[in-house]
Amino acid sequence: MSESDEEGPSSTKKPTLAMINIKMRNLIALIIGEVVASSLLISTPSTEGELFECLQPPYNFLISGIPKSTITRLTELGVCFSPDITCFFIPYN
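Before going into details, it helps to say that this report is about the structure given with it. Given the structure is predicted, the values throughout are model-derived calculations rather than measurements.

1. Details of helix α2 (residues 17–32)
Taking 1.5 Å of rise per residue, 16 residues should cover 22 Å, and α2 covers 22 Å from first to last C-alpha, within 8% of that figure. All of the buried residues along α2 are Leu-17, Ile-20, Asn-21, Met-24, Leu-27, Ile-28, Ala-29, Ile-31 and Ile-32. Structurally, α2 contributes buried residues whose contacts are with α3 (34–37), β1 (41–43), β2 (62–64), α4 (68–77), β3 (79–81) and β4 (86–88). After α2 finishes, the residue Gly-33 shows a positive phi value of roughly 100 degrees.

Below, the structure written as structure tokens:
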């Protein structure tokens, strides 16, 4: 069975960290605008152990490269969601 045969409407394929990163970037761009989001950096989670496949949710990402006022706006919202992803914005010092 090929990969294309395995994917379909009832597919339960787990999202990769790269896919989650793209979905998060798209959601943030909708909130803060494409121009501001163009300098957005999203760092993927790290782990002390070896990774097989992917990390289990919830995922923690570090968002940087955007103005302080934008960071304040995201953290004041606290949570944002789309049909594809839900993000909780928590400040990190």
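2. Describing the environment of Ile-31
Structurally, the position occupied by Ile-31 is in helix α2. A relative accessible area of 16% means that Ile-31 is categorised as buried. Taking the C-alpha atoms as reference, Ile-31 lies 9.2 Å from Arg-73; in sequence the two are 42 residues apart.

3. A short note on the packing of α2 against α4
Axis separation between α2 and α4 bottoms out at 11 Å; the angle between their running directions is 105 degrees. With respect to their mutual orientation, α2 and α4 come out roughly perpendicular. Contacts between α2 and α4 involve Ile-28, Ile-31 and Ile-32 from the first element and Thr-70, Arg-73, Leu-74 and Leu-77 from the second. Grouping the amino acids of the contact of α2 with α4 by side-chain chemistry returns five nonpolar, one polar and one charged.

4. Thoughts on a nonpolar patch on the surface
Together, Val-79, Phe-88 and Ile-90 line one region of the surface with nonpolar side chains, adding up to about 340 Å² of accessible area. Looking at the secondary structure, you find Phe-88 in strand β4.

5. Focus: the side chain of Asn-21
In this fold, Asn-21 is placed in helix α2. Those residues in contact with Asn-21 that lie beyond four places of it in its chain are Ile-42 and Thr-44.

Rules of the game
- Residues numbered from 1 in each chain as written.
- Predicted model: local features only at pLDDT ≥ 70, side-chain atom pairs only at ≥ 80, totals over all residues.
- Heavy atoms only, no water.
- Helix = DSSP H or I, 4+ residues; strand = E, 2+ residues; numbered from the N terminus.
- Expected span 1.5 Å × (residues − 1).
- Buried < 20%, exposed > 50% of the residue type's maximum accessible area, 1.4 Å probe, protein only.
- Contact = heavy atoms within 4.5 Å.
- Axes fitted to C-alpha atoms, helices over the stretch in contact; angles between N-to-C directions.
- Parallel < 35°, antiparallel > 145°, perpendicular 65-115°, else oblique.
- Nonpolar A, V, L, I, M, F, W, Y, C, P; charged D, E, K, R; others polar.
- Patch = residues over 30% accessible without salt bridge, like charges linked within 9 Å, V, L, I, M, F, W, Y side chains within 5 Å.
- Areas by Shrake-Rupley, 256 points an atom, 1.4 Å probe, with all protein chains shown as cover.
- Salt bridge = Lys/Arg side-chain N within 4 Å of Asp/Glu carboxyl O.

From the geometry alone we can't say anything about function, so treat these as descriptive.
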